[in-house]
Amino acid sequence: PSRKPSQAPSDLPSLKPSQAPSRKPSQFPSAAPSSKPSQVPSMQPSNKPTVSIKPSASPSKKPSAPPNPSPSKKPSSAPSDPPVVTSCENTSYTFPLINIPTNERGCLWIIKNDEKVAIRRTNYCSDTVIKENCAQACGECSTPTDSPAFSFKLKNLQDDMAVFQNCAWITQNPNAAKLAARKEYCLKASIKAGCAATCA
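Since we're looking at a predicted model, the values are computed, not measured.

So, how was this worked out
- Residues numbered from 1 in each chain as written.
- Predicted model: local features only at pLDDT ≥ 70, side-chain atom pairs only at ≥ 80, totals over all residues.
- Heavy atoms only, no water.
- Core = buried A, V, L, I, M, F, W, Y, C linked by side-chain atoms within 4.5 Å.
- Buried < 20%, exposed > 50% of the residue type's maximum accessible area, 1.4 Å probe, protein only.
- Helix = DSSP H or I, 4+ residues; strand = E, 2+ residues; numbered from the N terminus.
- Contact = heavy atoms within 4.5 Å.
- Arc of directions from axis to C-beta.
- Polar contact = N/O pair within 3.5 Å; in protein donor to acceptor, adjacent residues only side chain to side chain.
- Phe/Tyr/Trp six-rings, centres within 6.5 Å; stacked < 30°, edge-to-face > 60°.
- Lys NZ or Arg CZ within 6 Å of the ring centre and 35° of its normal.

1. Overview of the nonpolar core
Working step 1: Among the nonpolar cores identified, the biggest contains 26 residues, and Ile110 and Phe152 are the most heavily contacted of them.
Working step 2: Mapped by element, the contributors of at least two residues to this core are helix H1 (117-124) and helix H4 (189-194).
Working step 3: Residues contacting Phe152, with those up to four places away along its chain left out, are Val163, Phe164, Gln165, Asn166, Cys167, Trp169, Ile170, Tyr185, Ile191 and Cys195.

Next comes the structure, spelled out in structure tokens:
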């Protein structure tokens, strides 16, 4: 380099950058950004924000804008989970039989026959209206629940008289032997369905 600087700047830039920085900053900013960031931050912020190439390491202090109030035009690819029936009871709803539409039955009919509980639940509880009105009989409770209207016939009676009991009878006797004997009623599919909580 020359010992003395020229009085006027040259029209063309130098081929190699100087080893030492100039004492005074240039009056106009350069058109292209520098290849290396400066070691000291600027005293004043820039007029225009820069576009970062990589995301910041720490989250922003302010939350993002609220979501779009209008629904999406396309539905999701996977369906949502089916709702859980919270009202677990059997209403007074009646429904026609599949083979005999003129005959109607109530909810407890679904679980009255030991040998037909499974098939009747399959044939009738697949109907949404029946399932909602006969939630207990259809086994749609989120937790096992007894049907207050359900009753069953006792077995091995000496006088051959038909005696019916409800679900509470099974656990009324605190005697361990009696309780174990009465719990055997829960082995029947109809009683297990009607007294779901007691037999659980």
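Now that the structure has been shown, we can carry on.
2. Examining H1
Working step 1: Considered for burial, the residues of H1 that qualify are Val117, Arg120 and Tyr124. Around the axis of H1, the buried residues are gathered within 70° of arc, so they sit on the same side. Of the exposed residues in H1, those oriented more than 90 degrees away from the buried face are Ala118 and Thr122.

3. Some thoughts on the environment of Asn175
Working step 1: Take Asn175: it is sitting in the loop between strand E4 (164-166) and helix H3 (176-183).
Working step 2: A distance of 2.9 Å separates a polar atom in the side chain of Asn175 from the backbone nitrogen of Ala177.

4. Looking at the packing of aromatic side chains
Working step 1: In total, this model carries 8 aromatic pairs according to the counting rule given.
Working step 2: Taking the centre distance of 5.3 Å and the plane angle of 45° together, the rings of Phe152 and Tyr185 count as tilted. Of this pair, Phe152 sits in strand E3 (residues 151-153) while Tyr185 sits in the loop between H3 and H4, and the two are 33 residues apart along the sequence. Accessibility classification places Phe152 together with Tyr185 in one group, the buried group.
Working step 3: Among the aromatic residues, ring-to-ring pairing joins Tyr93, Phe95, Trp109 and Tyr124 into one connected group.
Working step 4: Positioned above the aromatic ring of Tyr185, the side-chain terminus of Lys155 is 5.1 Å from the ring centre.

5. Quick notes on the side chain of Gln136
Working step 1: Of note, Gln136 is situated in the loop between helix H2 (128-133) and E3.
Working step 2: Taking the relative accessible area as the measure of exposure, Gln136 reaches 3% and is therefore buried.
Working step 3: Only 2.9 Å separates the side chain of Gln136 from the backbone oxygen of Ala193, close enough to count as a polar contact.
Working step 4: Beyond its immediate stretch of four places on either side in the chain, Gln136 contacts Cys88, Glu89, Asn90, Ile111, Arg121, Cys141, Thr145, Asp146, Ser147, Ala193, Gly194 and Ala196.

6. As for the side chain of Thr198
Working step 1: Structurally, Thr198 can be placed in the segment after H4.
Working step 2: Polar side-chain contacts of Thr198 include one of 2.5 Å to the side chain of Asp146.
Working step 3: For Thr198, the residues in contact, after removing those within four places along its chain, are Asp146, Cys167, Ile170, Thr171 and Lys183.

7. What about the environment of Gln136?
Working step 1: As a C-alpha pair, Gln136 and Cys107 span 29 residues in sequence and 8.5 Å in three-dimensional space.
Working step 2: Within polar-contact distance, the side chain of Gln136 engages the backbone oxygen of Thr145 at 2.8 Å.

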